[in-house]
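Below, each chain spelled out in residue letters.
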Amino acid sequence: MARWCYRHRLVVLVLWVGALFGLGAAGTSAGTDYSNVFSLPDTDSKQAYDLMTKAFPQSSGDTDTVVWRSSGDQGPVTDSAVRSRIEPALKEIAGMRGIGRVAGPYEKNGAAQISRDGRTAYAQITFTGQANEVPKDLVQKVVDTAQGAESDGLQIELGGQAITRIQEPPTGVSEVVGIAAAAVVLFLAFGSLFAMLLPIVVAIMGVGSGMMATMLLSHVTNVPEVAPLLGSLIGLGVGIDYALFIVTRHRRGIQRGLDPEESAVRALNTSGRAVLFAGGTVCIALAGMLVMNLRFLDGVVIATSLTVVLSVLAAITLLPALLGLLGPRVLSGKQRRKLAEAGPDLAEASGPAARWSAYVQRRPRAIAATALVVMAVLALPVLSLRLGATDQGNNQESTTTRQAYDLLAEGFGPGFNGPLQVVVPGGADTTELVRTIRATDDVAQAAAAPPAEGVTVIQVVPETSPQSVGTDRLIDRLRDDVIPEAGVEAHVGGVTAVFKDFASVTGDRLPYFVGAIIGLGFLLLLIAFRSLVVPLTAALMNLIAAAASFGVLVAVFQWGWGTEFLGIGKEGPITAFLPVIMLSLLFGLSMDYQVFLVSRMHEEWVHTGDNARAVRVGLAETSRVINCAALIMICVFSAFVLSGDMEGAMAGIGLAAAVALDAFILRTALVPAAMHLLGRSNWWLPDWLERRLPHLAVEPAESSAALPNEPAGAQPTESIESAGLIKPAEPMESSSTGGATVVHGFLRTPDGDPLDGASVTLVSRGGRQLDRVTSLADGSYIVSVPAPGAYVLAVTAHGVAPRARHISVGGGPLVYDVELTDDGADLVN
């Protein structure tokens, strides 16, 4: 498929662009129908909700609030000076098209909408549609009309879901900032404008298609408003990272002498398979949220999984087409000139990554201990984690919704923003129950509404705010003590009670969810790496990363450390559904990095049987791309602080912290240090389990891939040898039956003269350099071979074209003489 996409690049590009614009047109014309379904089966708040829906059918429209407060020389809100300014504004709002009703305090039975001190009052505005259906122009007109009545000593603020929508930054601001930051990181990593654009284009196509498809799906299933935000967050992160892995492999192939088409095909056949594995793992982790059996999360699973699937599809189809359009320009101009002048680059990894890897090998105990201490300190705040819900009281102080919330809390009490409803079915007498509730601690007021359909609702206003621990205790006291003692059937409902039940159910089911995704990760890694220790280490690291990232989340959003600097409003409890989403995403992303890191170590272990070398080489060759990918995700996730949505900001900061800790501390320091300390036991697997486990190769063997300077479709080794182009050497007499050996011989010109100073490199079939030497004055060379098998022998010398050929090494040393000509090198037995 990769080759087909590469060769039919224009067709693939047109199909993707057509799909994006087609979905965009359909989504725009259909609009959105997002719905937040927080009710839970078999909970007290759900029973209360069902009874109220039956007895008091709710208005179809969204209800928002206009709050005003008089101060200073201004009289109470009932004075004519205040009424003369407020009443005309409310009348004008009531006459606007799209407004259903305006219920103010100056109407009959409106006295309850004026505070006891007479300084604060409110009016309720009911739109004809739900908040996400109300045109923003209408909402802005309502705000401007209401606040136009302000004067000295008269403050007017507005609150509600529709009002919140016009305070949000323009759609796409966080995505644009994240993409711009990722572009800078990619340009620094690649040094090429074209290479920088590839992952970004792929991610935009995948996320754009996912967002449009989610808009359409919102009409056929319950998709919460936060789902598209979370989908774009994870889609941008994985879309850019997956394309980065493939482009990095493609660029390396070209630098090692592969034709651009063969390099793209090999990159997709290796890193592309790893991307499929990683994407599937993320989707499985996301689907694990279904274990929670929470309807609200179903829409989140749909939106995020769909976006990940489309991002993976873009990486394995659109990306090879774009690679075909660029050709060798995927390298920078400097890299192309170096390739033309110096030939293929077969050098081992060097630089800071190699030096750090060697340092970890020398001091594994100190590094492991330091990393564990850092992670433990960051995880300490998680001990005070409290799940709940955010509301407009968490908005920034400059917003009108936050100020309206504060005015209501000041005038009517903190609990007025989150009243409870005690629902009594069956027409029972509630007089004694109301009296008992009023006498209960932490209750500011309680009043029963006239019964309807045999159902009575008692409105209970707590003395504490909706997010307070005291309000949670009051709900428990009403359910466990007050209502049973009254001897009547009653249920405690309301938004605050629903959120409390949601947090309780989430907390109760969270251990099962964590066990499911950790167990799944263990099983996948067990099959992939044929080891018990590697998956156990990965599971432990995932738990450590989760604890530390939640510690950061608690410190920032629950304790308020840095909230003013970040501009994210007031501290409060952690949104109840966030741990489930974060753990799913963290599990998927950690698996990506673990597979990428350990697969390279595993490959080296298979070749050499040397654990220390395997860990050192694996870390040196993968840490740079892992850190680069993590830095991109950190930029993308952190940018969602600008989304204007508290849940989005929490998810962004939490995931950014999780990725940073996972990549820069766990995968770069703690995991390799632990693997050095564990030694050969890293790769231990009981024989009985080895025989029963299925074989899962994340990346296929590359034995049939074309070699440097060979055309597409070149013959496999056996065909080349049988054609006489390479004659297998007869092994020298040796008693060795396996293990390390050598290949040696002489380099000569066509005239038979020895060739001094030529480079001879032994490369694995996967393109990894195993040994490199320079020929001596007599033209002789000798390279070490780790074990019998198939290899590539590459020869370069000044003034001749580099050439590489397959060789087969048996149980003993092999003799290969090499004759170099102006147009290459011929290997002659």
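For clarity, every value in this text was computed on a predicted model and none was experimentally measured.

Visitor: Could you give an account of helix α17 (residues 469–486), with specific residues and numbers?
Guide: For α17, with 18 residues, the first-to-last C-alpha span of 25 Å sits near the 26 Å given by 1.5 Å per residue. The principal kink in α17, of about 45°, is found at Leu478. Those residues of α17 that fall on the buried side of the exposure criterion are Gly470, Thr471, Asp472, Leu474, Ile475, Leu478, Arg479, Val482 and Ile483. Its side-chain oxygen 3.0 Å from the backbone nitrogen of Gly470, Ser468 forms the N-cap of α17. Following α17 by one or two positions, Gly487 has its phi on the positive side, about 75°.

Visitor: Residue-level account of the side chain of Ser45, with values.
Guide: Tracing the chain through its elements places Ser45 in helix α3 (residues 44–55). Leaving out residues up to four positions away in the same chain, Ser45 has contacts with Arg479, Val492, Gly493, Ala497, Val498 and Asp501.

Visitor: Residues and numbers for the nonpolar core, please.
Guide: With 160 residues, the main nonpolar core has Tyr242, Met289, Leu297, Phe557, Tyr593, Ile632 and Phe637 as its most contacted residues. When residues in this core are grouped by element, the largest group, 19 residues, is from helix α23 (residues 646–678). Excluding its chain neighbours within four sequence positions, the residues that come into contact with Phe637 are Leu233, Ile234, Leu589, Gly652, Leu655, Ala656 and Val659. One finds Ala89, Ile93, Val102 and Ala121 within the second-largest nonpolar core, a separate group that totals 29 residues.

Visitor: Account for the pattern of salt bridges, naming residues and giving values.
Guide: One pass over the structure, following the stated rule, counts 18 salt bridges. A salt bridge links Glu410 to Arg69, with the nearest nitrogen and oxygen atoms 3.7 Å apart. With Glu410 in helix α15 (residues 400–412) and Arg69 in strand β1 (residues 63–70), this residue pair connects regions lying 341 residues apart in the sequence. Classification of Arg69 by relative accessible area gives buried; the value is 17%. Between Glu690 and Arg530 there is a salt bridge, with the nearest N and O atoms lying 3.3 Å from each other. Linking Glu690 in helix α24 (residues 687–692) with Arg530 in the loop between α18 (495–529) and α19 (533–558), this pair joins segments that are 160 residues apart in sequence. Look at Glu690 and you get partly exposed, because its relative accessible area is 29%. Here Arg530 falls in the buried class, since its relative accessible area comes to 12%. Taken together, the shared-partner salt bridges in this structure form one network comprising Arg3, Arg7, Glu261 and Glu262.

Visitor: Before we move on, can you summarise the environment of Thr248 with the specific residues and values?
Guide: Inspection of the secondary structure puts Thr248 in helix α9 (residues 226–255). Apart from the residues lying within four places of it in its own chain, the contact partners of Thr248 are Phe190 and Val625.

Visitor: How would you explain the sheet that holds strand β13 (residues 769–774) if you had to name every residue and give the values?
Guide: Strand order across the open sheet formed by 4 strands is β13-β12-β15-β16, with antiparallel pairing between neighbours. Two strands close off the open sheet at either side, each with one partner strand: β13 and β16 (803–809). With strand direction ignored, the average angle separating the axes of adjacent strands in the sheet is 20°. Note that strand β12 (residues 759–764) and β13 share 5 bridges and pair antiparallel. Looking at β13, one finds that Ser759 is bridged to Thr774.

Visitor: Describe the sheet that holds β1, and please don't skip the residues or the numbers.
Guide: Sheets are built from strands that pair by backbone hydrogen bonding, the pairs being arranged parallel or antiparallel. A sheet is described by the order of its strands in space; here 4 strands give the open sequence β2-β3-β1-β4, paired in antiparallel fashion. In this open sheet, the two strands that pair with only one neighbour each are β2 (99–103) and β4 (154–159). Each strand of the sheet is rotated relative to its neighbour by a mean of 20°, with strand direction disregarded. Note that β1 and β4 share 6 bridges and pair antiparallel. The partner of Arg69 across the bridge, within β4, is Gln155. Sheet strands touched by helix α4 (residues 80–94): β1, β2, β3 (120–127) and β4. Its angle to β2, the strand with the most contacts, is close to 160°. Contacts from α15 reach β1, β3 and β4 within the one sheet, and its direction differs from that of β4 by about 110°.

Visitor: So what's going on with unusual backbone geometry? Which residues, and what values?
Guide: Not every positive phi belongs to a glycine, and Asp442 is a case in point at roughly 70°. With respect to the secondary-structure elements, Asp442 resides in the loop between α16 (431–438) and β7 (443–448). The phi torsion at Glu453 lies on the positive side, around 55°, for a residue other than glycine. Looking at where Glu453 falls in the secondary structure, it is placed in the loop between β7 and β8 (456–462). Accessibility expressed as a relative area gives 65% for Glu453, which makes it exposed.

Visitor: I'd like a description of the confidence of the model for the chain, backed by residues and values.
Guide: On average, residues of the chain score 82 in pLDDT, and 89% of them are at 70 or above. Within the chain, helix α14 (residues 364–379) carries the highest mean pLDDT (95), whereas helix α25 (residues 717–722) carries the lowest (31). Under a pLDDT of 50 for its full length, residues 701–737 has, in the predicted model, 62 contacts with residues more than four places off or in other chains.

Visitor: Hey, could you go over the pairing of strand β6 (residues 420–424) for me, with residue numbers and the actual values?
Guide: On a regular strand, each side chain points to the face opposite its neighbour's, so the side chains alternate between the two faces of the sheet. Most of β6 sits out of view: 5 of its 5 residues are buried. Of the two faces of β6, the one holding Leu420, Val422 and Val424 and the one holding Gln421 and Val423 are both buried throughout. When β6 meets β8, the two strands line up antiparallel, connected through 5 bridges. Within β8, the position partnered with Val423 by the bridge is Val457. Across 3 bridges, the pairing between β6 and strand β9 (residues 491–493) is antiparallel. Paired with Gln421 across the strands is Gly493, a residue of β9.

The rules behind the values
Residues numbered from 1 in each chain as written. Predicted model: local features only at pLDDT ≥ 70, side-chain atom pairs only at ≥ 80, totals over all residues. Heavy atoms only, no water. Helix = DSSP H or I, 4+ residues; strand = E, 2+ residues; numbered from the N terminus. Expected span 1.5 Å × (residues − 1). Bend = angle between axes of the 7 residues up to and from the residue. Buried < 20%, exposed > 50% of the residue type's maximum accessible area, 1.4 Å probe, protein only. Polar contact = N/O pair within 3.5 Å; in protein donor to acceptor, adjacent residues only side chain to side chain. Contact = heavy atoms within 4.5 Å. Core = buried A, V, L, I, M, F, W, Y, C linked by side-chain atoms within 4.5 Å. Salt bridge = Lys/Arg side-chain N within 4 Å of Asp/Glu carboxyl O. Pairing = 2+ DSSP bridges. Axes fitted to C-alpha atoms, helices over the stretch in contact; angles between N-to-C directions. pLDDT = per-residue confidence, 0-100.

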